[in-house]
Amino acid sequence: MIHHYTSIDTLQKIITNRSLRFRRLDQMDDIHEEQWQGGLNWGRRLFASCWTCLPVESIDQWRGFGPYANGVRISVEESPFFWHLVHLNSPGLQIHYIWVPCTKEFMLSKGIMLVPSSDLPASIGGPVSYVPDVSAIYRPFIKGDFDTSGLTVRTTVQNPARHKINHWAWQKEYRFIVHVEQGPDALYAEGFDCQPTRDYTDQLIHAFQKNKEQGWPGYFDTHIDWPINMDMIQSGFVTAGPLMTDQEFNQVSKMMQDLVPAMGLQRSRFTGAMRR
C-alpha cells in the first residue's frame, strides 16, 4: 500500500475533479531533480505524483506534506489510472499497441503529447532509490545530443527519474512518472478508421518542428491534472491528521460520504499525542 499526505483542500480537488496533480520535476524542492542530459532539460518534461512507501504514519510526513498535521493521508493499493491499449499508425505518429494511463484524447489533448514507453504500465510507478549522484544515474540511459549526433534513450527515463540524492531518503518516496512534451495547440481528432485525421497529424508534425527549432524546451505548464480511476481510490482509505479538529473531521467525513462513500476514514494514531 502507498500513501499520499496532503491538505483537506487537495483531497477535495482529487475526488471532485477525479484527477491527481503531477508536478514538473524542475518545480520540486530538490534542485537535483532538474537534470540536463543529451542537451535536454529533463526536469521540464518529466512529471511526478509523489507518495510514500512508509507503512506506518510519519510525524515528519504529517508536518511536511499534511499541512500543520491537520491534513489527510490517502492510502491506496495500486496505481489509480485508467489503462488503454493504443495503436496509432499515421504519418508523424507511430504508436503500436502500447498501454497508456489515459485515453488517446487526453494523451494528445491540446498542448499535451504524452511520450509512452513500451514497458508501461510497469514503468509508471515505483519506489525511489537514493544515491550520492543523480546525474550519474541519468547518463547511462540518455546518450548523445538531440541536435547533432541524435538522442538515444535506453529503456525509459521514468527509471532514472525515480532516483534522488541521499539526504531525501527519510521520505521513503514512491512516485508515478510521466514523460510529456509540448504538443500542438489543437484537440486530438480521428476519423472513422480510429486513426488521427490528416489535419491533426499535420499540426502534430508542425509542433515537432517548432519544438526542434526552439531546442526542445520541454512542456510549458508546471503541472498536469491526470485523470484517475475513482474505483481504485475508493478501495483505499483516508487517515485524518493528528491535529485535525472535530469540525474539520466532520467536514471531511461529509465530503467523503457525498463523493466517495465506499472509501474509509479513520483517525491518526497520533491523535491526542501532539501539541499544536
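Refer to the structure printed above.
Nothing here was measured: the structure is a model prediction, and the numbers come from that model.

Across its full length, the chain carries 7 helices and 18 strands. Here the chain has a C-alpha radius of gyration of 20 Å; the compact-globule value for 276 residues is 19 Å, and the two agree. Across its three principal axes, the chain shows a C-alpha extent of roughly 60 × 50 × 25 Å. Counting the 276 residues in the chain, one finds 51% classified as buried. By sequence separation, contacts in the chain at least 24 residues apart represent 73% of the contacts at least 6 residues apart. Summing over all exposed atoms, the chain offers an accessible surface of approximately 13400 Å²; the carbon and sulfur share of this is 52%.

Let's shift gears to the packing of helix H1 (residues 8–17) against helix H7 (residues 246–259). Running from N to C, H1 and H7 cross one another at 5°; their axes reach a closest spacing of 11 Å. The angle between H1 and H7 falls in the class roughly parallel. Contacts between H1 and H7 involve Ile8, Leu11, Gln12, Ile15 and Thr16 from the first element and Glu248, Gln251, Val252, Met255 and Leu259 from the second. Within the contact of H1 with H7, the residues separate by chemical class into 6 nonpolar, 3 polar and 1 charged.

Moving on: the pairing of strand E15 (residues 173–182). Among the 10 residues in E15, 10 count as buried, and that is most of the element. Burial along E15 is two-sided: the face carrying Glu173, Arg175, Ile177, His179 and Glu181 and the face carrying Tyr174, Phe176, Val178, Val180 and Gln182 are both buried. The pairing of strand E5 (residues 46–52) with E15 spans 7 bridges and is classified as antiparallel. Opposite phenylalanine 47, over in E15, you have valine 178 as the bridge partner. Both strand E10 (residues 125–127) and E15 contribute to a ladder of 3 bridges, which runs antiparallel. Bridging from a neighbouring strand, glycine 126 pairs with arginine 175 of E15.

Thresholds applied
- Residues numbered from 1 in each chain as written.
- Predicted model: local features only at pLDDT ≥ 70, side-chain atom pairs only at ≥ 80, totals over all residues.
- Heavy atoms only, no water.
- Helix = DSSP H or I, 4+ residues; strand = E, 2+ residues; numbered from the N terminus.
- Rg over C-alpha atoms; globule rule 2.2 N^0.38 Å.
- Buried < 20%, exposed > 50% of the residue type's maximum accessible area, 1.4 Å probe, protein only.
- Contact = heavy atoms within 4.5 Å.
- Areas by Shrake-Rupley, 256 points an atom, 1.4 Å probe, with all protein chains shown as cover.
- Axes fitted to C-alpha atoms, helices over the stretch in contact; angles between N-to-C directions.
- Parallel < 35°, antiparallel > 145°, perpendicular 65-115°, else oblique.
- Nonpolar A, V, L, I, M, F, W, Y, C, P; charged D, E, K, R; others polar.
- Pairing = 2+ DSSP bridges.

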